[in-house]
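# Report on the structure
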Amino acid sequence: LEQLQRILEQHNSLSALPLYSARKIYSVEEVRRGIRGGELINHYQPKVRLPSGEVTGVEVLVRWQHPEDGLVLPDQFIDTAEEHGLIDELTRIVLVKALQDCWHWQQANLSLSIAVNISISNLNSVDYPDFIVQSAKEAGVDLSNVVLEVTESQLMHNPLTVLDILTRLRLKNITLSIDDFGTGHSSLTQLRDIPFNELKVDAGFVHDACHQPARRAILEASFDMARRLGMKTAAEGVENLDDWRFLTMQVKCDIAQGYFIAKPMPAGELFDWMQEWEARRPSLMGFKP
Ligand code: C2E
Ligand code: MG
Ligand code: MG
Ligand code: MG
């Protein structure tokens, strides 16, 4: 019983969500209607540099503004979209909107990169690199401001095509990030061959790593490997000051993201958040490696 208690405690601290949340799964017809009916909206979560806290960019996290159910999170519809050939359409809508928002920020003198989550089917369509190049051109955004986040678990499908497409994207000066590292099954060959710029360790190894030796071991070993491969290190799931301090002073992580810094927010709230963050940032700058 004690053991079970420990496992449950660990599980709870892994996620901000309750253990058993009512989670509605939407039918493909509904998801299709939502995507085509213009009900997707982009939320943005800041990524900041350590130890300074300077904002480097934002990650786009899609939400579905459902007419009856309110704001629906991606884990309730992304899988369905992937399984039924709708994910290309979804990613395109998300990317185009993000590029437009990025252009507006640039006009306001805010230079922010935008990180977009992409799916395996994007990486299997040979015209995807051209689509990104064309969309960025139309939006007036330089490709050096575009980051693509690919989850580790997606890399193993069709590895040769994935290698080809990611290499072509990298040659266009797009930044490549490997997302949720530690939860997938990428081979070391993929890591060696694909020109990733950033390795982002999954939240499950980040939050509370200072008190949990197993998390710490995996976090530090992953970052050590990333550095040796010439990649920047990033951590998601930074939830409190202990996490921030540990990543800055002990782990010397490059980029941090998490609720401690900011939750994902609509584009319109970003300016206010930036002002609050600039006021709060000096209190965090004392934590140096
Ligand atoms: P992800 O790319 O790993 O994004 C991070 C997830 O962790 C987001 O959940 C974010 O809201 C959440 N998060 C951020 N900070 C914290 C924190 O401090 N603690 C905890 N516990 N969680 C935090 P969200 O928005 O529900 O997205 C879930 C996943 O859905 C994303 O995981 C991503 O894989 C996928 N996704 C989101 N938008 C898109 C999209 O446009 N296209 C595709 N293909 N996938 C997307
Ligand atoms: Mg991501
Ligand atoms: Mg992630
Ligand atoms: Mg994650």
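If you check an unreviewed UniProt entry, the protein chain appears there as EAL domain-containing protein from Marinobacterium aestuariivivens.

### As for the site of ligand 1
Around ligand 1, the structure places 22 residues, and the nearest of them are Gln-45, Arg-63, Asp-180, Glu-239 and Tyr-259. One of the side-chain nitrogen or oxygen atoms of Gln-45 is found 2.9 Å away from a nitrogen atom of ligand 1. Taking Glu-239, its side chain carries an N or O atom lying 2.6 Å from a nitrogen atom of ligand 1. For ligand 1, the protein covers 84% of the area, taking 800 Å² as the surface of the free molecule. Going through the elements one at a time, β2 (55-66), α4 (87-107) and β6 (175-181) are the ones with two or more residues in the shell around ligand 1. The element best represented in the shell around ligand 1 is β2, accounting for 4 residues. Its residues placed into classes, the shell around ligand 1 shows 11 nonpolar, 5 polar and 6 charged.

### Some points on the side chain of Gln-76
Relative to the helices and strands, Gln-76 resides in the loop between β3 (70-72) and α3 (78-83). Take Gln-76: its relative accessible area is 15%, and that puts it in the buried class. A polar contact is formed between the side chain of Gln-76 and the backbone oxygen of Lys-24, at a distance of 3.1 Å. With near-sequence residues (within four places) excluded, Gln-76 lies in contact with Arg-23, Lys-24 and Tyr-26.

### What about the pairing of strand β5 (residues 146-151)?
Among the 6 residues that make up β5, 6 are buried, leaving the element largely enclosed by the rest of the structure. On β5, burial covers both faces: Val-146, Leu-148 and Val-150 on one face and Val-147, Glu-149 and Thr-151 on the other are all buried. For strand β4 (residues 113-118) and β5, the ladder comprises 5 bridges, and the chain directions are parallel. In the sheet register, Ile-114 faces β5, and the bridge partner there is Val-146.

### Considering the packing of α4 against helix α6 (residues 128-139)
Between α4 and α6, whose axes approach to 9 Å, the crossing angle comes to 30°. Put simply, α4 runs roughly parallel to α6. Our pair here, α4 against α6, has a crossing hand that is right-handed. From α4, Thr-91, Arg-92, Leu-95, Val-96, Leu-99, Gln-100 and Trp-103 reach across to α6, where they touch Tyr-128, Phe-131, Ile-132, Ser-135, Ala-136 and Ala-139. Considering only residue class, the contact of α4 with α6 consists of 9 nonpolar, 3 polar and 1 charged.

### Examining the nonpolar core
By size, the foremost hydrophobic cluster in this structure holds 82 residues, and its most contacted members are Leu-166 and Trp-244. Per-element accounting of this core gives the leading share, 8 residues, to α4. Excluding anything up to four places from it in sequence, Leu-166 contacts Leu-123, Val-150, Leu-155, Leu-176, Ile-194 and Phe-196.

### Here we look at the coordination of the magnesium ion (ligand 3)
A four-donor tetrahedral metal ideally has 109.5 degree angles, and a six-donor octahedral metal ideally has angles of 90 or 180 degrees. Those donors, Asp-179 (OD), Asp-180 (OD) and Glu-236 (OE), are the protein atoms that reach the magnesium ion (ligand 3), and they lie 1.9 to 2.2 Å from it. Linear spacing of the donor residues for the magnesium ion (ligand 3) on their chain is D-D-x55-E. Metal-to-metal, the separation of the magnesium ion (ligand 3) and the magnesium ion (ligand 2) is 3.7 Å; Asp-179 coordinates the two. Here the residue Asp-179 occupies a position in strand β6, and Glu-236 occupies one in the loop between β8 (232-235) and α10 (241-251), the gap between them amounting to 57 residues. Side by side, Asp-179 and Glu-236 carry an identical accessibility label, which is buried.

Rules and cut-offs
Residues numbered from 1 in each chain as written. Chains lettered and ligands numbered in written order. Predicted model: local features only at pLDDT ≥ 70, side-chain atom pairs only at ≥ 80, totals over all residues. Heavy atoms only, no water. Near = heavy atom within 4 Å. Polar contact = N/O pair within 3.5 Å; in protein donor to acceptor, adjacent residues only side chain to side chain. Areas by Shrake-Rupley, 256 points an atom, 1.4 Å probe, with all protein chains shown as cover. Helix = DSSP H or I, 4+ residues; strand = E, 2+ residues; numbered from the N terminus. Nonpolar A, V, L, I, M, F, W, Y, C, P; charged D, E, K, R; others polar. Buried < 20%, exposed > 50% of the residue type's maximum accessible area, 1.4 Å probe, protein only. Contact = heavy atoms within 4.5 Å. Pairing = 2+ DSSP bridges. Axes fitted to C-alpha atoms, helices over the stretch in contact; angles between N-to-C directions. Parallel < 35°, antiparallel > 145°, perpendicular 65-115°, else oblique. Left-handed = near helix turned anticlockwise from the far one by under 90°. Core = buried A, V, L, I, M, F, W, Y, C linked by side-chain atoms within 4.5 Å. Donors = N, O, S within 2.8 Å, 3.2 Å for Na, K, Ca; no water.

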